[in-house]
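If you want the building blocks of each chain, they are given just below.
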Amino acid sequence: MNTPFTTLPVTRREFLRWGGRGVGLLAFSRFAPSFLVESALAATQAPEKDRSILVLVQLAGGNDGLNTVIPYEDANYYRLRPTLGIPKAQVVPVTDTLGFNPGCAAMASLFKEGRLGIVQNVGYPNPNHSHFRSTEIWETASDSNASLATGWVGRYLDNACAGQPASSTDDPVAIHSTGETPQSFAAASAHPTFGLGLGAAAGNQRQQRENLALLRQLSQQDHHDENPNASFLKATLMDALVTEQKVQTVLGAYKPGSTYPASPFANSLRSVAALIASGLPTRVYFVQLGGFDNHQNQLNTHINNLRTLSEALAAFQLDLAAKKLDGQVLTMTFSEFGRRPSENASRGTDHGTAAPLFVMGSKLKGTLFGTSPVLANLPKNQDITYSTDFRQIYATVLDRWLNSPADKILGQAYPSLGFI
Amino acid sequence: MSATPSNPAPETVAQLPFDLKPGEAWEPLPDAEFDAPAARHLLRRAGWTAKPPEVDRLLKDGLAASLDRLFPSKAPPFPAPRSLATLEAKTAGLQAQLVANRAGGAGVAAASSAAAANPQEIQQRQIRNQINVATNQAEQDLTVHWLEFAGRPENAVTEKWTLFLSDIFVVSQEKVKNPALILAHQDLLRTGGFGSAPTLAKAVSRSPAMVMYLDLQQSLRTAPNENFARELFELFLLGEGNYTEQDIKESARAFTGYRQNGGVFRFAPGQHDPTPKTIFGRTGSFAGDDVIDLAYAQPAAGRYMAHKLARFYLTDDPLPKEQLAALGDWWRTTANYDLRRVAQRFFGSRLFFDPAFRGAYIKSPVQYLLGLVEDLNLDVAPIPRRTIAPLRLMDQIPFRPPNVRGWVGGRNWINSGTLAARRQAVETLFAPLIEANLNADEIAALDEARAEGRTHFNFTPDRLAELADLPPDTAANWLIDALLPMPVDAAYHASVRDFLAEDLPANNAPGARRGGANLAAAGPDQRRLQRLRNTIITLLQSPEYQLC
């Protein structure tokens, strides 16, 4: 697994042969992949050994922060949550006042070992209760009343890759497993990004491989009197398939250093670990766990969903540690909003505002940041007010982890937090 | 053009893939040449895709009658989504409250500073926030409903025409921030889209969305704003090089006094400059409508529309000037700038059907998505995540063109990211719709659509029933013909056929198999259906399917 890609010139060789047949690939010099133009450079390209990597975990639907990190000594919590409140005896305590949801036992252990941090009560001014819009605000790091075309990761990539025009055959700088490319990745310039979910519709892994093979085969057929747009599309697709082939090979050969639970979410983190271990120069990974929009009968659904999250995160961290990659990786969760402190009449919760988020890694400096939400005197059906702006966390990650100018990427300066 | 077969200049040949003379290029295609490939070409270019039954219908009706039907004198009306009707009622009260508070002394402090805000400012922010939320939701609703409407086969051609016109007379929600006005603008293009072009342009100049978008609202008699006059000439009617800076300055004065108030056009005589202007060499006390008539008196007006038609519907490479002039001049002198007539002339012409153009144009994201939905016999899902989000990743958000020039299109649609987004869009349509993963808003929208009779939002295997009985060779032929816009070589066909045949055991030969496509039946049948399904997925993701 040290040099997984050296065994994979097949597609490229086929590709060259195909181009050499005079289909017209080289006529599109501006689309010619870099390995054709600068083969020496491509051959000497070495993965960076000490790069820092960010893994973003989106909890889609709006995670109920109050039932995730529970203020188990606060009578107000039990007042607002007459049926949904987790009894003190079931809470996994980690401080004198705070404890984890019973589904988060593995995360509580990580917390106690100093490898998982809680940033409390994170939100933004003028909170929006729409899933679509609030997700957009988080992903673009915009003000609530402004709309930005690019995502915060995309702007980071714009900044980090400035002056190095991306070639579509370059290894991806950001990878997601969310089906759709996250809006976070939207950038002003084109960067090679990659979606792990692509191909899944074909069925199991064998069927996915077969479909990919057919697509590659079809893309290599030329037509009588082929028009230039067809040649252009084939060249672009072949570039993408080169990356896909690489990724499939890496994932197929990976031997994890821990046992992952059987869930699609855990599997996507396993894939991320495999790609990190393969030495890809990718700096940002984005995975997603859905099912947090619990408007009714929330209690057990939520506990089970948090267990899925917690056990997968723990397996991922253990795997990275076994591979001695844990020092290179920072994992961070986010969700579009928390939920209303007072439960609704259907034993669920409605869309709310601020919530805690988690950071995970072996380089954390501390485990508890920010201040708890104030529940005292909170009237029924009222939202809590955030105390840490989510962009402070982004600023911390950009400045201290990814070594990028946060104020430039976020449009203004936000006070850093000390978690790394 | 002067190029003849005996004297080929390479660059001219590259630009001129056909050998039609300007005089004959726009003449109707002879009936004898209107065959199935021609009918498919017409349907894929004029609409979103070419469904086999629709191809048959065109061949039965003939070209002239088909054009008459596809391009009617009036496009079917688009029923406005309910949320737009209530948007104004919802936001009007909030706007009034904002104004009242401001008069009452609430500060206009910096909106971004979270701390140190006084209670009045917090309240103002909350109100603005509510307006934003209602506006965003109404825009999403408009977009989703329009996609659903445009995606119905019977509306494909007229709605693509509306999209074409809105790619000329551009406004954007990005700046207008009022979906009701954006819809009103689109409606004006829809209802006037097959009538007189000058009449339509005059309506556009009075469109409240346009008055806002190109700053007519800010244009003062003492300081005319030139934005609208410039784009009117450069991008809407004439094209660069067909007017002078002086023409723009003078025309800007003619459009002073154009205002909108609460979404209604108003002419403010006090702000209008009635003094004489000299435009295109003619002097008079011209008003806005006169400027539009003066522009349409220029031959460039006809030719510019010919150029826009060719660029949007036919080819990325500009057609030779002579060809554009031939169509444009015919439209100006013979067809009196009737939009329906120019559409029918263009789409019925020998040049339009020239083999050089077949299967050579890159589909826009909207066409890709709606074409997929139509090809798979599906309904557009009323869920932004499955409609607007994929379009955004493919780089085209309806009602939000990147700038006043509209979408550039062509190869600009394609890069590794947008191509992956296109492939993902296909997979999303084939993946099951798991309601547990949807949020409550999405489920409500689904229920509403189902109540209206739209139920098929993703591809289900029962749709393969008819194909499942075909021998692989025939199925490959059928799929390639139905989905791809060009004939393919034998090797390509063989790849598809072999993929289809691979899992077919000898004892389950076509014809010998049990009837129907019951996926519950385990074994070879299911594998065969899986192969069929995966062949379709791959063909829809292929480079060829990106073309039309």
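Residues numbered from 1 in each chain as written. Chains lettered and ligands numbered in written order. Predicted model: local features only at pLDDT ≥ 70, side-chain atom pairs only at ≥ 80, totals over all residues.

Peer 1: Give a detailed account of the overall build of chain A, specifying residues and quantitative values.
Peer 2: Per the secondary structure count, chain A includes 13 helices and twelve strands. Put simply, chain A has 420 residues, and 54% of those count as buried. The contacts in chain A between residues at least 6 apart in sequence include a share of 72% that link residues at least 24 apart. (Helix = DSSP H or I, 4+ residues; strand = E, 2+ residues; numbered from the N terminus. Buried ≥ 20, exposed ≤ 12 C-beta atoms within 10 Å, placed from the backbone. Contact = placed C-beta atoms within 7 Å.)

Peer 1: Give a description of the overall build of chain B that names residues and reports values.
Peer 2: In terms of regular secondary structure, chain B is built from 26 helices and four strands. A compact globule built from 548 residues would reach a C-alpha radius of gyration of about 24 Å, and chain B, at 27 Å, matches this within 12%. Judged by the C-alpha coordinates and their principal axes, chain B covers about 85 × 75 × 40 Å. Burial analysis of chain B (548 residues in total) assigns 44% to the buried set. A fraction of 75% describes how many contacts in chain B between residues 6 or more apart in sequence connect residues 24 or more apart. (Rg over C-alpha atoms; globule rule 2.2 N^0.38 Å.)

Peer 1: Can you explain the environment of I53 of chain A? Please cite residues and give values.
Peer 2: All names here are of chain A. Residue position: I53 is located in strand β1 (residues 53-59). Along the backbone, I53 and S258 are 205 residues apart, and their C-alpha atoms lie at a distance of 20 Å. Those residues in contact with I53 that sit more than four places away from it in its chain are I276, R283, Q328 and V329.

Peer 1: Tell me about unusual backbone geometry, residues and numbers included.
Peer 2: Residue K324 of chain A is not a glycine yet carries a positive backbone phi of 55 degrees. One can find K324 of chain A in the loop between α11 (298-322) and β9 (329-334). According to the C-beta neighbour criterion, K324 of chain A is exposed, with 10 such atoms within 10 Å. Phi at F280 of chain B is positive, roughly 50 degrees, even though this residue is not glycine. With respect to the helices and strands, the residue F280 of chain B is situated in the loop between β3 (277-279) and β4 (282-284).

Peer 1: Got a sec to walk through the interface of chain B and chain A? Specific residues and values, please.
Peer 2: Contacts between chain B and chain A engage 54 residues on the former and 49 residues on the latter. Taken together, the elements giving at least two residues each to the side of chain B that touches chain A come down to α7 (119-150), α20 (388-394), α21 (416-430), α22 (440-451), α25 (490-501) and α26 (524-541) of chain B. Among the elements that take part in the side of chain B that touches chain A, α21 of chain B stands out by supplying ten residues, more than any other. In terms of residue class, the side of chain B that touches chain A is built from 25 nonpolar, 21 polar and eight charged. (Nonpolar A, V, L, I, M, F, W, Y, C, P; charged D, E, K, R; others polar.)

Peer 1: Report on the domain arrangement of chain B, specifying residues and quantitative values.
Peer 2: All names here are of chain B. Segmenting chain B into domains produces domain 1 (29-70 + 299-357), domain 2 (196-288) and domain 3 (461-546). Taken together, the contact between domain 1 and domain 2 spans eight residues of the former and eight residues of the latter. Looking at which element gives the most residues to the side of domain 1 that touches domain 2, the answer is helix α16 (residues 299-313), with five residues. Here the residues of the side of domain 1 that touches domain 2 are counted per class, giving six nonpolar, one polar and one charged. (Domains from an automatic or database assignment.)

Peer 1: Can you explain the pairing of β9 of chain A? Please cite residues and give values.
Peer 2: For a regular strand, the rule is simple: side chains alternate between the two faces of the sheet. All names here are of chain A. The buried fraction of β9 is high, at six of six residues. Neither face of β9 is exposed, since V329, T331 and T333 on one face and L330, M332 and F334 on the opposite face are all buried. In this sheet, β9 lies alongside β1 in parallel orientation, the contact comprising six bridges. By the bridge assignment, L54 is partnered in β9 with L330. One ladder, built from two bridges, connects β9 with strand β10 (residues 355-360); its direction is antiparallel. The residue of β10 that forms the bridge with M332 is V359. (Pairing = 2+ DSSP bridges.)

Peer 1: An account of the sheet that holds strand β2 (residues 69-71) of chain A is needed here, citing residue identities and associated values.
Peer 2: Residues and elements named next belong to chain A. The strand order β2-β4-β3 describes an open sheet built from three strands, whose pairing is antiparallel. Edge positions in the sheet fall to β2 and β3 (92-93), since each of these pairs with one other strand and no more. Note: β3 against strand β4 (residues 98-100), two bridges, orientation antiparallel. Directly across from V92, in β4, lies its bridge partner F100.

Peer 1: Which residues make up the packing of helix α6 (residues 82-103) of chain B against α7 of chain B, and what values go with them?
Peer 2: All names here are of chain B. Between α6 and α7, the least distance of the axes is 10 Å, while the angle of their chain directions is 165 degrees. Judged by the inter-axis angle, α6 sits roughly antiparallel to α7. You can see that α6 and α7 cross each other, and the crossing is left-handed. Of the residues that constitute the contact of α6 with α7, the class distribution is nine nonpolar, eleven polar and three charged. (Axes fitted to C-alpha atoms, helices over the stretch in contact; angles between N-to-C directions. Parallel < 35°, antiparallel > 145°, perpendicular 65-115°, else oblique. Left-handed = near helix turned anticlockwise from the far one by under 90°.)

Peer 1: Explain the confidence of the model for chain B to me, and be specific about the residues and the numbers.
Peer 2: Residues and elements named next belong to chain B. For chain B, per-residue confidence averages 89 on the pLDDT scale, and 90% of positions sit at 70 or higher. Confidence drops under a pLDDT of 50 for residues 1-15, and excluding neighbours within four residues, the segment shows twelve contacts in the predicted structure. Ignoring residues within four places in sequence, the model shows residues 106-115, a span with pLDDT below 50, making 14 contacts including any to other chains. Predicted as a complex, the structure gets a pTM of 0.79 and an ipTM equal to 0.88. (pLDDT = per-residue confidence, 0-100.)

Peer 1: Explain the pairing of strand β5 (residues 116-123) of chain A residue by residue, including any values.
Peer 2: All names here are of chain A. Counting buried residues in β5 gives eight out of eight residues, a clear majority hidden from the surface. One ladder, built from five bridges, connects β5 with β10; its direction is antiparallel. Looking at β10, one finds that L116 is bridged to M360. Sheet topology note: the β5/strand β11 (residues 368-369) ladder contains two bridges and is parallel. What sits directly across from I118, in β11, is L368. Here β5 runs beside strand β12 (residues 388-389); their pairing, made up of two bridges, is parallel. Its bridge partner lying in β12, G123 is registered against D389.

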